[in-house]
Amino acid sequence: MHKNPYPSDNFETQAIRTQSERSPHREHAAPIYMTSSYLFDDAEDARAIFANEKAGLIYSRYDNPSNDEFVDKMVVLEGAEDGVATASGMAAVYGALAGTLSAGDHILAGRSLFGSTYQLFSTILPRFGITTTFFDLLAPESWEKLVTPATRLVYVETPTNPGLDLVDLEFLSQLCREKNLILVVDNGFATPYLQNPLKLGASLVVHTATKYIDGQGRGLGGVILGSAALIEKIRFFVRQTGPALSPFNGWLFSKSLETLAVRMDRHCDNAEFLANELKNHKALAALTYPFLASHPQVALAKRQMRRGGGMLTLELKGGLEAGRKFLDHLEMLSLTANLGDSRSTATHPASTTHSKLSEAERLAVRITPGLVRISVGLEHPQDVLRDILQALSV
Ligand SMILES: *Cc1c(COP(=O)(O)O)cnc(C)c1O
């Protein structure tokens, strides 16, 4: 860990002024360290660095200064003790689990999950003897009863994708502390600007950097953050198994963090504007946004999130046909699986991101046939509104 050269409790300053050491050229902006390995002065230097008796870089699967600056910033922004960068968000999710669990362990996971995370729990981890019970996010009183002697870890997303349901992280952290369980929170939808699960008691936070952290849809990456003790185990797993973040992407994300607060505030402004303009539209059965008065968990949202985020969902009255027709008539919004981009995007989860689930599994997480997920971008909000209105009117 490098020292923050200008100690501050303010997010914007931390995101900009946390930096790794500079080279003898004294670059103002961070350089990109495109190197796979590092030199030793002599045989004794190499021995001492390998033996951990002396600080020094060995190999970029272990460490790279471009990635270290990204991780250092995320550690400060999430209030963690330590962190590890990964090649993607899914590598962060998998690393957090594989680095801490063993065969025979049991996971409790909120039922509403990112599609690949759900596949990891339901089809991949069982092959290694790790089983998962899914719980209903909206029934917190039922959670304690699901803990078994083999349960080691609880995993949640909040707000969820795409339903935008919330989990009370303080309540869940308390329960996990009492039962001695590791609580892992995927904070990808909120970003460290809007929500800090570690400060609410979680043990580990995982992020995809691919979404809001990069914010412009340019590269894949992720990061795992938490206590020094847990991260030490996870770092060993990640270093030995190889999902290393490319230094170019580490550099990209470190620079992207410098504008995260500004971008997230604008994403939130634009999403709030659209939610208010569209909430009574006659073609919609429902519109979901965490900070809208009609959201069933709006009080919790305002307690644990700084603002409501950039995602909203539309429930079209006409179901599957209306959902597909709406997407086909959008002129500006991008039809793409990505989210958290400067460009507004629209997705139909039932036929794309969550198509591998059965109809019953989809309905259990309230992915109805007419649900459309909008990731509100940074275009002028009147233009986003105009495109949605014209596509709803055909
Ligand atoms: C995209 C996403 C992931 C996976 O991240 P990748 O970078 O695509 O591997 C995990 N969780 C959430 C909430 C996501 O949106």
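The structure displayed is predicted, hence computed values, not measured ones. (Residues numbered from 1 in each chain as written. Predicted model: local features only at pLDDT ≥ 70, side-chain atom pairs only at ≥ 80, totals over all residues. Heavy atoms only, no water.)

Novice: Help me understand the nonpolar core, please; the structure alone is not making it clear to me.
Specialist: Nonpolar side chains in soluble globular proteins tend to end up buried together. Formed by 75 residues in total, the largest nonpolar core has its most connected members in Phe-70, Phe-326, Ile-374 and Ile-388. Residue contributions to this core peak at eight residues, all from helix H10 (residues 260–278). For this core, the domains that each give at least three residues are domain 1 (11–257) and domain 2 (260–393). Ignoring anything within four residues of it in the chain, the contact list for Phe-326 reads Leu-314, Leu-316, Val-372, Ile-374, Ile-388, Ala-391 and Leu-392. Listed in part, the 28 residues of the second largest apolar core include Leu-125, Ile-130, Leu-204 and Ile-224. (Core = buried A, V, L, I, M, F, W, Y, C linked by side-chain atoms within 4.5 Å. Buried < 20%, exposed > 50% of the residue type's maximum accessible area, 1.4 Å probe, protein only. Helix = DSSP H or I, 4+ residues; strand = E, 2+ residues; numbered from the N terminus. Domains from an automatic or database assignment. Contact = heavy atoms within 4.5 Å.)

Novice: I keep staring at unusual backbone geometry and nothing clicks. Help me out?
Specialist: Trans peptide bonds make up the majority, and among non-glycine residues the majority have a negative phi. Here the amide bond leading from Thr-158 into Pro-159 is cis, since omega sits at -5°, within 30 degrees of zero. Inspection of the secondary structure puts Pro-159 in the loop between strand S4 (151–157) and helix H6 (169–179). Cis geometry marks the peptide bond from Asn-161 to Pro-162, where omega comes out at -5°. Here the phi dihedral of Thr-191 falls at roughly 70°; this positive angle occurs in a residue that is not glycine. Positionally, Thr-191 belongs in helix H7 (residues 191–194).

Novice: How do you make sense of the sheet that holds strand S8 (residues 284–288) when you look at a structure like this?
Specialist: Paired through backbone hydrogen bonds, the strands of a sheet run either parallel or antiparallel to each other. If you walk across this open sheet you meet the five strands as S8-S9-S12-S11-S10, and the pairing is mixed. Two strands in the sheet have a free side with no partner beyond their single neighbour: S8 and strand S10 (334–335). Where strand S9 (residues 311–316) and strand S12 (residues 371–375) come together, five bridges link them in antiparallel fashion. Bridge assignment links Thr-313 to a residue of S12, and that residue is Arg-373. (Pairing = 2+ DSSP bridges.)

Novice: Is there a simple way to explain the packing of helix H4 (residues 89–98) against helix H5 (residues 115–124) in this structure?
Specialist: Relative placement of two packed helices is described by the angle separating their axes and the distance separating the axes. At a closest axis distance of 10 Å, the pairing of H4 and H5 adopts a crossing angle of 30°. Classified by the angle their axes make, H4 and H5 are roughly parallel. For the pair H4 and H5, the crossing hand works out as right-handed. In this structure, H4 contributes Met-90, Val-93, Tyr-94 and Leu-97 to the contact, and H5 contributes Ser-116, Thr-117, Leu-120 and Phe-121. Residues of the contact of H4 with H5, tallied by class, amount to six nonpolar, two polar and no charged. (Axes fitted to C-alpha atoms, helices over the stretch in contact; angles between N-to-C directions. Parallel < 35°, antiparallel > 145°, perpendicular 65-115°, else oblique. Left-handed = near helix turned anticlockwise from the far one by under 90°. Nonpolar A, V, L, I, M, F, W, Y, C, P; charged D, E, K, R; others polar.)

Novice: Please explain a nonpolar patch on the surface as it appears in this structure.
Specialist: A surface patch of nonpolar side chains, about 290 Å² in accessible area, is lined by Ile-32, Met-34 and Phe-248. Position of Ile-32 relative to the elements: it lies in the loop between helix H1 (11–17) and helix H2 (43–50). For Ile-32, a relative accessible area of 31% puts it in the partly exposed group. (Patch = residues over 30% accessible without salt bridge, like charges linked within 9 Å, V, L, I, M, F, W, Y side chains within 5 Å. Areas by Shrake-Rupley, 256 points an atom, 1.4 Å probe, with all protein chains shown as cover. Salt bridge = Lys/Arg side-chain N within 4 Å of Asp/Glu carboxyl O.)

These figures come from the coordinates and say nothing about function on their own.
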